[in-house]
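Examining the three-dimensional arrangement
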Amino acid sequence: MALMIIISTLFCMLSFYLLATLATEFPKNSNLETYIVLVQPPDAEVFAESGDLESWYRSFLPPTTTTAGSNDASRLVYSYRNVIKGFAARLSPEEVKEMEKKKGFISARPRKILSLHTTHSPSFLGLQQNMGFWKDSNYGKGVIIGILDTGITPDHPSFNDEGLPPPPAKWKGKCELVPASLCNNKLIGAQYFIQDDQNRTLLDEDGHGTHTASTAAGNFVKGANVYGNANGTAAGVAPLAHLAIYKVCSFSCSDSDVLAAMDVAIDDGVDVLSISLGRLYNSFYEDFIALGAYSAMEKGIFVSCSAGNGGPFNYSLGNEAPWILTVGASTTDRKIRASAMLGNNQIFEGESAYQPKDSTSTQFPLVYPGSNKSDDYAPYCAPDSINNTDVKGKIVLCKFGLVPAVDKGRYVKAAGGVAMIIMNYVYRGYTTSADAHVLPAAHVSFVDGDKIMAYFNSTKSPTATIFFNGTIIGNGRAPAVASFSSRGPCYASRGILKPDILGPGVNILAAWYTSVENNTKTKSNFNIVSGTSMACPHLSGVAALLKSAHPDWSPAAIKSAIITTADTVNLENKPIEDQQNLLPADVFATGAGNVNPSAANNPGLIYDIMPKDYVPYLCGLNYTNRRVGMILQRRVDCSVESKIPDSQLNYPSFSIIFKPIVQKYTRTVTNVGEANSVYTAKIVQPVGVNVAVEPTTLKFSELNQKLTYEVTFSPLANPPNISNSQGSLTWTSEKYSVRSPIAVIIDTGLPEI
């Protein structure tokens, strides 16, 4: 399993916009490394003497790093105030050992590198201009979304401030763009947090940050398209929300920089944090995004994060803390069709955004560089492999992966190839990308790729042609789970079901930092990109709309509304499929289902969680007092605190490990629907377990009234030989349907990460 996860992650890093590198982090002539150091809060007397936290932090550093005028004075990189009690500093291993002897020291570890994980998606989610939820939520006006990513393209029309008021009075952030006039009432702030980058530009040199920011809250832009395809009016999910940009990545990201940006964003006054990056962790106290998100949640800030692109394997999730909304990727009903016709007249439908008008039906010879068995990179159309293959005047077969898809086409075109067919590998399944290629191309599924290879091997003179069908709306199998979308169960806490939700993350058209058509800077550029990085800002935008419509709701209440109203069927009213195999997707791929923003605006009941409720939950994970204190940022004694199993947290879903014993858990719901209402329990039983609810009816007489119920999970007397299974508990009234998914995990132990 561990090997499968590693293989999947490597493919996704190269193919799904995961642009982290494994480059050396520091100059070779230095033995200094950036450590994130956690310390206990200073005593009141110490704090009174020092006057500020930074003085307390500096007291842990070796004397040579604190001397005024010392060349080492800059080695204190960040002083954290909100997200953790601690700092980041450039230290040697010997200096860290000395620091460990000081009173108040908790831990120090080297920073880690994190991975970076539209015209149609708002309407696919039911958001229409001048009506419904968009209108009721005022398009997110007055809400501030903080984007932690690769920077911004400030002069892009998606970030115009037409129709936006000035930021609310609580906003305390700043604009470091040069000139500062590049900020406006849409783009209200931009700050830089990359320790090792000497370039120090807030401009997006990658595209990822511009894309995610516009997906969350881009303003309306007419005529957005790529090569004329997917044409329409582009808009983010919360088009009138404000954006605050925190540049933390430049092709790669470090957790010390991300933590610093979260620290500042909390002070700045953001309402939502959107974080499309991360990695896998064994536990929450190791994960500094989780630590920062906990502090943000305590301040009422909603945190939305991408699940990762490690699918279709289980236990491949990042950002899985229960105080984070963990977002997987789904498809929309739009396809940009490009098809391959073989010499035997077989036709295989694929996708490509590049669709030249002068294409012909001429059959060209078909060539496969992978026929060279001595070259491991040849099947993927690496540049050296292409140069060693006669591709001139031919259509080239390339396997998906290892080389970015658009780059494959560049190499093929440079070598004289006329077109390209990209064939998925088995784990990529049926998820295809409508990339902005530089030559005619068709990206086809694994099954179709196998058939194309069978034809290629069956004849001495294989031929093919590429033809185009343009943009097609109305694919009834949408939404489906993208094959690359990371899957649960939750590694650090299997009593919490993750991912929480699916959002559009396949072939998303949004703002881009440059023109994909001529590779020159213009003021109107869009690109189509896939990944859970694209799904996350959709949910960040939904959270902003809900925050605008319900300013008194807590982050947990907003999350509950999103989870319990999710769609579980596709446009054909069939169960959501998994694009890895086109079978019904399981609960560890879908979470609660696909987001339904309008339904989330009026959920009927919510499952709320206050910050104090996480204390017995964290103590119940059997973390040491020090490790729980690292998350809470205060001293805690779990021996005197109450403890609960993780499945007992008042989460809007259920996840239990199958055991030959009866398990009972309670939940408390708050009435936010109609004052006088009656809800009846409806159960879909998971295989191998009987689920019973007491009481079976909830009667409310006023708004904000809370009622508690108990769920009993009993193993069947003769349980079948089963794998993980799923069911649901839904509370229904005359008006509302409040659904909680149920996951049953067969405990075979945890894989290595």
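See the structure above.
Read on for an overview of the structure. (Residues numbered from 1 in each chain as written. Predicted model: local features only at pLDDT ≥ 70, side-chain atom pairs only at ≥ 80, totals over all residues. Heavy atoms only, no water.)

**So, helix α11 (residues 405-414)**
Quick reminder of the rule: Working definition: with a 1.4 Å probe on protein chains only, accessible area under 20% of the residue-type maximum means buried, over 50% means exposed, and in between means partly exposed. A helix here means a DSSP run of H or I that spans at least four residues, while a strand means a run of E at least two residues long, and both kinds are numbered starting from the N terminus. Comment: arc refers to directions from the helix axis out to C-beta atoms. Two residues qualify as a contact provided that any one of their heavy atoms is within 4.5 Å of a heavy atom in the partner residue.
Of all the residues in α11, the buried ones are Ala-405, Val-406, Lys-408, Gly-409 and Val-412. Seen end-on, α11 carries its buried residues on one side only, within an arc spanning 150°. Residues of α11 that are buried sit in contact with α10 (383-387), β19 (395-399) and β20 (419-423). Phi turns positive, to about 100°, at Gly-416, one or two residues after α11.

**Focus on the nonpolar core**
Our working definition: Nonpolar cores were defined as sets of buried Ala, Val, Leu, Ile, Met, Phe, Trp, Tyr and Cys residues, with membership established by side-chain atoms within 4.5 Å.
Among the nonpolar cores identified, the biggest contains 126 residues, and Ile-145, Leu-277, Trp-323, Ile-562, Tyr-617 and Leu-618 are the most heavily contacted of them. Ranked by residue count, the leading element in this core is helix α9 (residues 288-298), at 8 residues. What Trp-323 contacts, discounting residues up to four positions off in sequence, is Phe-284, Ala-290, Ala-293, Tyr-294, Met-297, Lys-559, Tyr-614, Tyr-617, Leu-618 and Ile-631.

**Things to note about the state of the cysteines**
Stated formally: Throughout, disulfides are identified as pairs of cysteine sulfur atoms within 2.5 Å of each other.
Scanning the entire structure with this criterion turns up 4 disulfides. Between the sulfur atoms of Cys-175 and its disulfide mate Cys-183 the distance is 2.1 Å. On the S-S bond that ties Cys-175 to Cys-183, the torsion sits near 85°, and the link is right-handed. In this structure Cys-183 comes out as buried when scored by relative accessible area, which is 13%. Cys-249 shares a disulfide with Cys-253; S-S distance 2.0 Å. Measuring handedness by torsion sign, the sulfur bridge of Cys-249 and Cys-253 sits at about 110° and is right-handed. Judged by its relative accessible area of 0%, Cys-249 falls in the buried class. A residue is classified by how much of its surface remains accessible, and Cys-253, at 2% relative accessible area, is buried. In the protein, the cysteines engaged in disulfides, taken in order along the sequence, are linked 1-2, 3-4, 5-6, 7-8. There is no disulfide at Cys-490, and the cysteine sulfur nearest it, in Cys-305, is 13 Å away.

**Notes on the sheet that holds strand β30 (residues 663-671)**
What counts, and what does not: Two strands qualify as a pair provided DSSP detects at least 2 bridges between them.
The strand order across the open sheet built from 4 strands is β28-β30-β34-β32, with neighbouring strands paired in antiparallel fashion. In the strand order of this sheet, the two ends are held by β28 (605-606) and β32 (689-694), each with one partner. Pairing analysis gives 2 bridges linking β28 to β30, with the strands arranged antiparallel. Paired with Ile-606 across the strands is Thr-670, a residue of β30.

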